[in-house]
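Chain by chain, the residues:
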Amino acid sequence: MDEGIELAVSLYNFERDLITRRETTTQTVAQETEGNEAETQVDAKPSSSEALQNLSNLRSLVSGLEERVWTYGSETRTYPSLKGLIAQLALNNRAGVMSPMRSAWYFANAFMHYRDDPELANLKSSDWVNLGRNFAATSMSVFYEDNRPRPNREMAWQLVTFLQILQKNGKTFEDVGRNNVFRIYKILEHHLGETEVKDLMTKLGEGFSNPEKYFPQYVRQSGASETPVTVPPPTSQDVQAMINDARQVSNGPPKIIDSSAIGRLQPPERRSLQPLVINPGQSAHILEGTKAARSPTYQGNVVSADVAYERLLAGYASGEVPSPENIARLIVSLGHSKSKPKIIRCYEICNEVLSSLESNKTWQASAWFALEDAMVTALAHCGDMQAASIHRSRLVAQGSAPSANSYGALIANIKDTTDNASVAIELFEESRRLGVEPTSFLFNTIISRLAKARKADYAMLLFQNMKQAGLSPTEITYGAVIAGCARI
C-alpha cells in the first residue's frame, strides 16, 4: 500500500510540475523574415483553461487512488504506515481532493492507530493541517443545509480523539488551520451541543478554550460563527422547491457542458493554479447575499447579491469556492436584479466547481440540476426567454424538470404578444405533465396571465385547482381573479 502511495505522489508531482512549466516558460523558434532568419520569443504556454483542465484530470486520478486505498484497506483491515498516511493526505491537499466521508473515516481510524507513535513528534505543521482537514471531512454534511444529518454523538468521537492527540503532542488549534478549526468546532457543536463543546474546550486547556479566536477572518467578520449550525437559515417555499425539484432522478448522468445558451463560455479569468476546494465557510459567506430573497422575514445582517458576487470572485481567485448549490442560489438572486453578465460569470465558475466533483457523482448530478434550474429562473427574469428555454430543455432531456419557481418565472416574463396566454398555458400544462408540484407563485403567475388575456373561465378553473391542491390564495391571486372578471 505504501509503495503505491509513494509512486502516485511521484507521478502527481512530475505531471503537475510539467503543467506549471508549460504555463510559465517560453521557447525560442526560428522564423524566416525577408530571406533572413530571426529569433523570436513565442509564448509556448497553453491557455489557462487548458492548464486547469489538466489539473482537473490529475485530481480525478488522485481521487481514484484514494478510493482504491481505503477500499482495499477496509476489505483487508489494514492501514498504510504513518508515513504513507501523511503522504496520502498531503497528496489529497495538493490536488484539491476533499475526501468523501467513508474515506475520511478510514484515514481518521488509521491515524488513531498511531496515536501513541513517537514519530508524531516529528510531523510538520502542514501535516497537522492536512490531518485536521481529513478529520473535518468525517462529517462535512453538517454544513449542507439541504442534507444535514440529525445530531449523533457517535459522529463526534473521532474529532474529540483528534483534539486529545493534538493536546497530548503539545499542539493547539493554531496548528490545525483556521478553516479546519471552524469546521471541527461547528461539527462538534452540532452533534454534542454548545454547552458540552465549551466544557470540552475548557478541559483541553489553553489553545482550545477560545476557538473563535482561530476562526477565519471572513467568518468572524460575517458573524457566521455566532449562528448555531443546528438551526438552518429560513428558506422560502419557492427557493426550497427549486432545490427539491432539481434533484429528481435523471435518466442518465448529466454532462458538464462547456457552452451555454447565453453564448460560448469564455475561459475563466487567470487565477492561481491551486485546485478548487469547496469551503463550507465560504458557502456560509456567499449565502448571506441570498438570504433576503430566500426569506423576506429574515432579520439578520443581509448583504446584497452584488457583494456576495464579489466575495465569490475573491474566493475563486484564491481557489476556495462555495458549494455549487449556493452558487445556484446566488444566480437566482442576481436574476432578480437582472445582472446578466454576473449570472454568466457565476455559471462559468459553477461549471468548473462541478468538474471538481468527479469523485462524488451523486453530488455532481444533483448540483448540476440545481444550477440549470437556477439559470432558467435567472435568465427568465433577465428577459432572455430563448436562453432560459434552452436550459429548461436540458433538464427535461435528463429526465427531470424545472421547478415550479422556474416555470413561474418563465410565465411571468413572457413578452406581451397576442399569443402570450397560449404560451403561458403551454408552459403550465408542461409542468403538470412532468409532475412538477405547483406552488402559490406558479398559480398566481398563470392566473394573472390568463386574466390579462381575458381568459377568465380558465383562470377561475385554475383558481379552484389551486384551492384543491391545498394552497391558500393570496392577495395577488384574488386581485388577478377580480381583474379577470372585470375584463369579461
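Source: prediction; values computed, not measured. (Residues numbered from 1 in each chain as written. Predicted model: local features only at pLDDT ≥ 70, side-chain atom pairs only at ≥ 80, totals over all residues. Heavy atoms only, no water.)

S.K.: Hey, could you run me through the overall build of the protein in this one?
M.R.: Helix and strand counts for the protein come out as 22 helices and six strands. By sequence separation, contacts in the protein at least 24 residues apart represent 76% of the contacts at least 6 residues apart. Accessible area for the protein stands at about 22,900 Å²; split by element, carbon and sulfur atoms hold 50% of it. (Helix = DSSP H or I, 4+ residues; strand = E, 2+ residues; numbered from the N terminus. Contact = heavy atoms within 4.5 Å. Areas by Shrake-Rupley, 256 points an atom, 1.4 Å probe, with all protein chains shown as cover.)

S.K.: Any chance you could explain the pattern of salt bridges here in plain terms?
M.R.: Two side chains bearing opposite charge may form a pair once their charged atoms approach each other closely. Under the criterion given, the structure shown has 10 salt bridges. Its salt-bridge partner being Lys168, residue Asp116 comes within 2.7 Å of it at the nearest N-O pair. With Asp116 in the loop between helix 4 (101-113) and helix 5 (125-136) and Lys168 in helix 6 (residues 157-168), this residue pair connects regions lying 52 residues apart in the sequence. For the pair formed by Asp116 and Lys168, the shared burial category is exposed. (Salt bridge = Lys/Arg side-chain N within 4 Å of Asp/Glu carboxyl O. Buried < 20%, exposed > 50% of the residue type's maximum accessible area, 1.4 Å probe, protein only.)

S.K.: Honestly, the packing of aromatic side chains in this entry has me stumped. Any pointers?
M.R.: Pairs of aromatic rings are described using the distance from one ring centre to the other and the angle between the two planes. For the structure on display, the rule yields 13 aromatic pairs. Pairwise contacts between aromatic rings join Phe111, Trp128, Phe135 and Phe162 into one cluster. (Phe/Tyr/Trp six-rings, centres within 6.5 Å; stacked < 30°, edge-to-face > 60°.)

S.K.: Would you mind showing me how to read the nonpolar core here?
M.R.: One recurring pattern in soluble globular proteins: nonpolar side chains tend to sit buried together. By size, the foremost hydrophobic cluster in this structure holds 62 residues, and its most contacted members are Ile327, Leu330, Ile331, Cys346, Leu410 and Ile446. In terms of residue count, helix 16 (residues 361-381) provides more of this core than any other element does, 12 residues in total. Ignoring anything within four residues of it in the chain, the contact list for Ile327 reads Leu312, Pro322, Cys346, Ile349, Cys350 and Val353. Residues Leu131, Ala136, Ile184 and Leu200 belong to the second largest nonpolar core, which totals 55 residues. (Core = buried A, V, L, I, M, F, W, Y, C linked by side-chain atoms within 4.5 Å.)

S.K.: In this structure, what is going on with the packing of helix 16 against helix 17 (residues 385-397)? I would like to understand it.
M.R.: Between two packed helices, the angle of one axis relative to the other and the distance separating the axes together describe the packing. Packing of helix 16 against helix 17 brings their axes to within 8 Å, and their N-to-C directions diverge by 155°. Classified by the interaxial angle, the pair formed by helix 16 and helix 17 is roughly antiparallel. The chirality of how helix 16 crosses helix 17 is left-handed. Contacts between helix 16 and helix 17 involve Trp368, Phe369, Glu372, Asp373, Met375, Val376, Leu379 and Ala380 from the former and Met385, Ala387, Ala388, His391, Arg392, Arg394 and Leu395 from the latter. Its residues placed into classes, the contact of helix 16 with helix 17 shows 10 nonpolar, one polar and four charged. (Axes fitted to C-alpha atoms, helices over the stretch in contact; angles between N-to-C directions. Parallel < 35°, antiparallel > 145°, perpendicular 65-115°, else oblique. Left-handed = near helix turned anticlockwise from the far one by under 90°. Nonpolar A, V, L, I, M, F, W, Y, C, P; charged D, E, K, R; others polar.)

S.K.: Which parts of the structure should I look at to understand the side chain of Asn134?
M.R.: Examined against the element boundaries, Asn134 turns out to sit in helix 5. Within the local environment of Asn134, its side chain forms a polar contact with the backbone oxygen of Ala104, the two atoms lying 3.2 Å apart. (Polar contact = N/O pair within 3.5 Å; in protein donor to acceptor, adjacent residues only side chain to side chain.)

S.K.: How should the environment of Tyr478 be read in this particular structure?
M.R.: Considering the arrangement of structural elements, one finds Tyr478 in helix 22 (residues 475-486). C-alpha of Tyr478 to C-alpha of Ser448: the two residues are 30 residues apart in sequence and 9.7 Å apart in space. The residues contacting Tyr478, other than those within four sequence positions of it, are Phe463 and Pro473.

S.K.: Mind showing me how you'd approach the confidence of the model for the protein here?
M.R.: Per-residue confidence for the protein gives a mean pLDDT of 75, with 73% of residues at or over 70. Every residue in residues 26-48 scores below 50 in pLDDT, and together they form 32 contacts with partners more than four places removed in sequence or on other chains. Here residues 221-272 is modelled with pLDDT under 50, and outside its nearest four sequence neighbours on either side it reaches 127 contacts, counting other chains as well. (pLDDT = per-residue confidence, 0-100.)

S.K.: What is the right way to look at helix 20 (residues 440-452) in this model?
M.R.: An α-helical turn contains 3.6 residues, so a residue and the one three or four places further along point in the same direction. Counted at 1.5 Å a residue, the expected span for helix 20 with its 13 residues is 18 Å, and the 18 Å between its end C-alpha atoms agrees. In terms of burial, helix 20 is largely enclosed, as 11 of its 13 residues are buried. Within helix 20, burial applies to Ser440, Leu442, Phe443, Asn444, Thr445, Ile446, Ile447, Ser448, Arg449, Leu450 and Ala451. Just downstream of helix 20, Arg454 is the residue with a positive phi angle, here 65°. (Expected span 1.5 Å × (residues − 1).)

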